[in-house]
Amino acid sequence: MKRYNLILLLLSVIFFQACTQKQVKTSAAKEPKAWTSSQAKKWYDGEPWLIGSNYLPSTAINQLEMWQQDTFDTITINRELGWAQSLGMNTMRVYLHDLPYREDSTGFLNRIDIFLSIAKTHNIRPIFVIFDSCWDPFPKSGKQRAPKPFVHNSGWVQSPGREALKDTTQYGRLEKYVKGLVSHFAQDSRILAWDVWNEPDNTNDSSYGKEELPEKAERVIPLLKKTFEWARSVQPSQPLTSAVWAGDWSSDTALKPIQKLQLEESDVISFHNYDKPADFENRIKQLERYNKPMLCTEYMARPNGSTFEGFLPIAKKYHVGMINWGFVDGKSQTIYPWDSWQKKYTGEPPVWFHDIFRKDGTPYRAEETNFIKQMTGVTKN
């Protein structure tokens, strides 16, 4: 009898170990991963050629002024998205922020829902940007400051700000924001994609460089990885991405660690380019090795040679989605160039840096808007 009981005990232990190993394997297998090339291509095959702008209402100086309850301007949003629709645009890249979620998550999510409803009436499906490392590292809720005259993006703020980025005890709050946001809209067909983090290693040397955290990229890398994991854990139907924006992308060995992370974790590849058409095409060729759909989520700086006429035909040839910087000349003042932080301007620059429309809906250059309409098929050649 003792021998029989011992055999039963051994069999039970073996069975328990086998079940445990199976559970571990099953759990690992279920852990969400970046989309495969075939998954990404299947998603992209169902989309039209994607074209749009980075969008901020002309009445807002930054993301906080766009999304806070007191300054959420649906009248302007509806009017300006109508102008986008008139050009044949079908997406807009729109920045969110962690502070409105901290202050009033329910209200913030409701305002996003309202924005999506307005966008849908104009056949626009936005890409939402969750975090952003550009410009002012000290965001504050409440009334936002007035623009500095003639200065490019004088009031744009980072998310998370410097204090949250350096304080790991705030990561729990950021996790709640990412998971709460993405899970709420995870199956919402009105959203095209999630841009997890804009230019995560940008140190803003020409504007706020002296106020940035030392070794910012090293601090961002673990949080960027967590952000991908948090967003992916709620199993969104939309793809995740984070755009590479500077440096050498010609080979895997040339990539910086943060670029490698961005490209490996992105379901679809995204990138920025403000250079001349030849460089733009070269960047596309460099990223083709990932064998995934590509989105250029920032371009168009006229004095740099980055123009609609120069870039859109190349993008269409390679079937790259295109989202230019700037839509309506407003409180962001991005008609002025980046060097307006060092060089004094006293009036409208001779050539607008970004943006397509004046506040009254008049195109800055009618030949540009006509060209965009031809490229999107609104008007025929």
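For the structure, check the block above.
Everything quoted here is computed from the prediction, not taken from an experiment. (Residues numbered from 1 in each chain as written. Predicted model: local features only at pLDDT ≥ 70, side-chain atom pairs only at ≥ 80, totals over all residues. Heavy atoms only, no water.)

Draft legend 1. Layout of empty space enclosed by the protein. One pass over the structure, following the stated rule, counts one cavity of 30 Å³ or more. By volume, the largest cavity is sized at about 100 Å³. Along the wall of the largest cavity there are 13 residues; nearest its centre are Asn 54, Leu 56, Trp 325, Gly 326 and Ser 332. For the lining of the largest cavity, a count of residues per class yields seven nonpolar, five polar and one charged. (1 Å grid on protein atoms, 1.4 Å probe; cavity = no way out; pocket = protein on both sides within 12 Å on 5 of 7 lines; lining within 4 Å. Points joined across faces, edges and corners; volume = space filled by probe spheres on them. Nonpolar A, V, L, I, M, F, W, Y, C, P; charged D, E, K, R; others polar.)

Draft legend 2. Spatial organisation of the environment of Lys 343. Summarising the element assignment, Lys 343 is placed in the loop between strand S8 (321-324) and helix H12 (366-376). Residue Lys 343 is classed as partly exposed on the basis of its relative accessible area, which comes to 48%. Spatially, the C-alpha atoms of Lys 343 and His 272 are 24 Å apart, while their sequence positions differ by 71 residues. (Helix = DSSP H or I, 4+ residues; strand = E, 2+ residues; numbered from the N terminus. Buried < 20%, exposed > 50% of the residue type's maximum accessible area, 1.4 Å probe, protein only.)

Draft legend 3. Representation of the packing of aromatic side chains. Tallied over the full model, the rule gives 29 aromatic pairs. For the pair Tyr 299 and Phe 311, a centre-to-centre distance of 5.7 Å together with 10° between the ring planes defines the contact as stacked. Of this pair, Tyr 299 sits in the loop between strand S7 (294-298) and helix H11 (308-318) while Phe 311 sits in helix H11; the two residues are 12 residues apart in sequence, bridging distant segments of the chain. A residue is classified by how much of its surface remains accessible, and Tyr 299, at 0% relative accessible area, is buried. Counting every residue linked through ring pairs, the aromatic cluster contains Trp 67, Phe 72, Phe 108, Phe 115, Phe 128 and Trp 194. Seen from the ring of Trp 249, Arg 283 lies directly overhead, with NZ or CZ sitting 3.8 Å from the centre. (Phe/Tyr/Trp six-rings, centres within 6.5 Å; stacked < 30°, edge-to-face > 60°. Lys NZ or Arg CZ within 6 Å of the ring centre and 35° of its normal.)

Draft legend 4. Summary view of the packing of helix H5 (residues 98-121) against helix H7 (residues 171-184). The contact between H5 and H7 brings their axes to 10 Å, and the two run at 5°. Regarding the angle of H5 to H7, the classification is roughly parallel. On the side of H5, the interface is formed by Asp 98, Leu 99, Tyr 101, Arg 102, Phe 108, Leu 109 and Ile 112, while H7 contributes Arg 173, Leu 174, Lys 176, Tyr 177, Gly 180, Leu 181 and His 184. Considered class by class, the residues forming the contact of H5 with H7 number eight nonpolar, two polar and four charged. (Axes fitted to C-alpha atoms, helices over the stretch in contact; angles between N-to-C directions. Parallel < 35°, antiparallel > 145°, perpendicular 65-115°, else oblique. Contact = heavy atoms within 4.5 Å.)

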